[in-house]
Structures are given as structure tokens and as C-alpha cells.
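Now for the letters of each chain:
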Amino acid sequence: MSTLDARNPLVLDTRDLGRRPGHEQQVTRTVPAPPDLGIEVLAVPEGSPVEIDLRLEAVMEGVLVTGEASAALEGECVRCLEPIEDEVEVTFQELFVYDDGRDAELSEDDDEVSMLQDDLLDLEPLLRDAIVLALPFQPLCSDDCPGLCAECGARLADDPNHSHEAPIDPRWAALTELPTSTGTESD
Ligand SMILES: [Zn+2]
Ligand SMILES: [Zn+2]
């Protein structure tokens, strides 16, 4: 288990909160976004501000963290590759269990349980999960983005009536010359 760095702005020190169940502490801070906060095509740019508003509550087993976070998103439309700017707002809640008296190996194997480490808790996994869950799998610049022209790569949303003088592939040209039942006249 890696040791948490108390200087990391996403690591919270719960010593001020104390361990008396019912004690609460409000934490509001703006932190620089860690890397990979999002998905490949849409994410919070690394270093950009993430506003975090938390309530820490001491309970019998540990510290219950309830919070919300908001941040700006940058990415690109999966259909037309146009840059997308958006915002994300998430809420989350997680119980961080006190780590004293626990079998360290046992708790390390248990991914389901978030643990306090020496009274420190790491918000980063919680924040990342909440943001990734809130993002669309396929971000689009608009719901009906028509994508790119298969012929020339132009962005169809910019030019909805986009068309080409259909260049006829010589292999198909012969077919168009075949007589049809409706007539053979061409214009
Ligand atoms: Zn698009
Ligand atoms: Zn085109």
C-alpha cells in the first residue's frame, strides 16, 4: 500500500475532525486536477481547478465523506473530432474505515473498502470514479452530430447540404450503363 502524502491537496487529514461519532467538519477547497481525471476523449485538463465541497463526519467505523465537485471538461466529439468544452458536477459519498487494529494484508486485498491511512484519506480515487461515471461514453458536440463526410472528411454540421459530384468508380461505371426496365435514356 503506498503511503499518502499529506501535502497532496486531494489527501485530507482527519485529525482535526477527531473520532467522536457525530463530529462533523466542512471542507471546501479548490485543487488542481490530477492527471487522467476522465476518459480518453473527455477529461478535466490536468492542473485545472476542481472545486470540492465536502462534509466529513466521524462515525463508529471511520469517516463518512459526503461531497460534491465541479470542474471544466475538455475533449472532442467522437463523430466529428470538434473540440468540446463542458462542465461536470458530481456528488459522492464514501466511508473511509479506520485502519487501526486491522490486518494490513487483508485490507489491502479488499478493494471494496476505502481505508484511512494514519488519519489521512485519499479523495482522488473517489473523485475519479465519480467523474468517469458522470461522463458520456461517446461525447458528441451535439446530440445529432452528423459526423464527417466519408468522401472528403469535411465536418457535415458545418455544411449540411454537403455533396460531391459523385465520382464514379470505373469498376461501377459499367453497371450504370446497363439497360434497365424503365428505360435507357440518360440526361
Ligand atoms: Zn460532432
Ligand atoms: Zn465531402
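Above: the structure in question.
Since this is a predicted model, take the numbers as computed values, not measurements.

Bringing the coordination of the zinc ion (ligand 1) into the picture now. For the zinc ion (ligand 1), the full set of protein donor atoms is C77 (SG), C80 (SG), C141 (SG) and C145 (SG), and the range of their distances to it is 2.3 Å. Coordination at the zinc ion (ligand 1) comes from four donor atoms whose angles at the metal span 106 to 116°, giving a geometry best classed as tetrahedral. Each donor residue of the zinc ion (ligand 1) belongs to the same chain, with the gaps between them written as C-x2-C-x60-C-x3-C. With C80 in the loop between β6 (62–76) and β7 (83–97) and C141 in the loop between α2 (124–134) and α3 (170–176), this pair connects stretches of sequence that are 61 residues apart.

A few words on the nonpolar core. Side chains that are nonpolar tend, in soluble globular proteins, to be buried together. Judged by nonpolar contacts, the single largest core of 36 residues is most densely connected at V44, V50, I52, V65, F92, L123 and L127. Residue assignment for this core shows that the elements contributing at least two residues are β2 (24–32), β4 (42–44), β5 (49–58), β6, β7 and α2. Residues contacting I52, with those up to four places away along its chain left out, are L10, V27, T28, R29, V31, E68, A69, L123 and L127.

Bringing the packing of aromatic side chains into the picture now. For the structure on display, the rule yields zero aromatic pairs. Taking the ring centre of Y98 as reference, the NZ or CZ of R19 above it sits at 4.0 Å.

In this section: the coordination of the zinc ion (ligand 2). Within the protein, the atoms that donate to the zinc ion (ligand 2) are C149 (SG), C152 (SG), H162 (NE2) and H164 (NE2), at distances of 1.9 to 2.2 Å. Considering all four donor atoms around the zinc ion (ligand 2), the spread of angles at the metal, 101 to 116°, places the coordination shape in the tetrahedral class. The sequence pattern formed by the donor residues of the zinc ion (ligand 2) is C-x2-C-x9-H-x1-H.

Relative to the helices and strands, L140 resides in the loop between α2 and α3. Taking the relative accessible area as the measure of exposure, L140 reaches 24% and is therefore partly exposed. Residues within four places of L140 in sequence aside, it is in contact with C77, V78, R79 and I84.

Moving on: the pattern of salt bridges. It is possible for side chains bearing opposite charge to pair when their charged atoms get close. Inspection of the entire model under this criterion finds eight salt bridges. Ionic pairing is found between R15 and D13, a salt bridge with its closest N-O pair at 2.6 Å. The class of D13 is partly exposed, set by a relative accessible area of 33%. A salt bridge links E57 to R55, with the shortest nitrogen-to-oxygen separation between them at 3.5 Å. Each of E24, R55 and E57 takes part in one network of salt bridges that share partners.

Reading the values: the criteria
- Numbering of residues starts from 1 in every chain and runs along the sequence as written.
- Key to labels: chains lettered from A, ligands numbered from 1, both in the order written.
- Where local features are concerned, this predicted model is filtered to residues with pLDDT of at least 70; where side-chain atom pairs are given and counted, the filter is 80 or more; whole-chain, interface and lining totals use all residues.
- Remark: hydrogens and water are excluded; side-chain values derive from all non-hydrogen atoms of the structure.
- Metal donors: N, O and S atoms at distances within 2.8 Å, or within 3.2 Å for Na, K and Ca, with water omitted from the atom set so that some sites may seem incomplete.
- Only two sets of limits are used to name each site, 85 to 135 degrees for every angle of a tetrahedral four-donor site, and over 155 degrees for opposite donors with all other angles from 65 to 115 for a square planar four-donor or octahedral six-donor site, with any other site named irregular.
- For helices the rule is a DSSP run of H or I covering at least 4 residues; for strands it is a run of E covering at least 2, with both sets numbered from the N terminus onward.
- We define the nonpolar core as a collection of buried residues of types Ala, Val, Leu, Ile, Met, Phe, Trp, Tyr and Cys that are connected through side-chain atoms lying within 4.5 Å of one another.
- Only protein chains enter the accessibility calculation, which uses a 1.4 Å probe; a residue whose area is less than 20% of its type maximum is buried, one above 50% is exposed, and one in between is partly exposed.
- Every residue pair with non-hydrogen atoms within 4.5 Å of one another is taken to be in contact.
- Here a Phe, Tyr or Trp ring, Trp counted by its six-membered ring, pairs with any other such ring whose centre lies within 6.5 Å, and the pair is stacked when the planes are under 30 degrees apart, edge-to-face when over 60, and tilted otherwise.
- A ring has a charge above it when a Lys NZ or an Arg CZ is no more than 6 Å from the ring centre and no more than 35 degrees off the ring normal.
- Salt bridge, as used here: a side-chain nitrogen of Lys or Arg that lies within 4 Å of a carboxyl oxygen of Asp or Glu.

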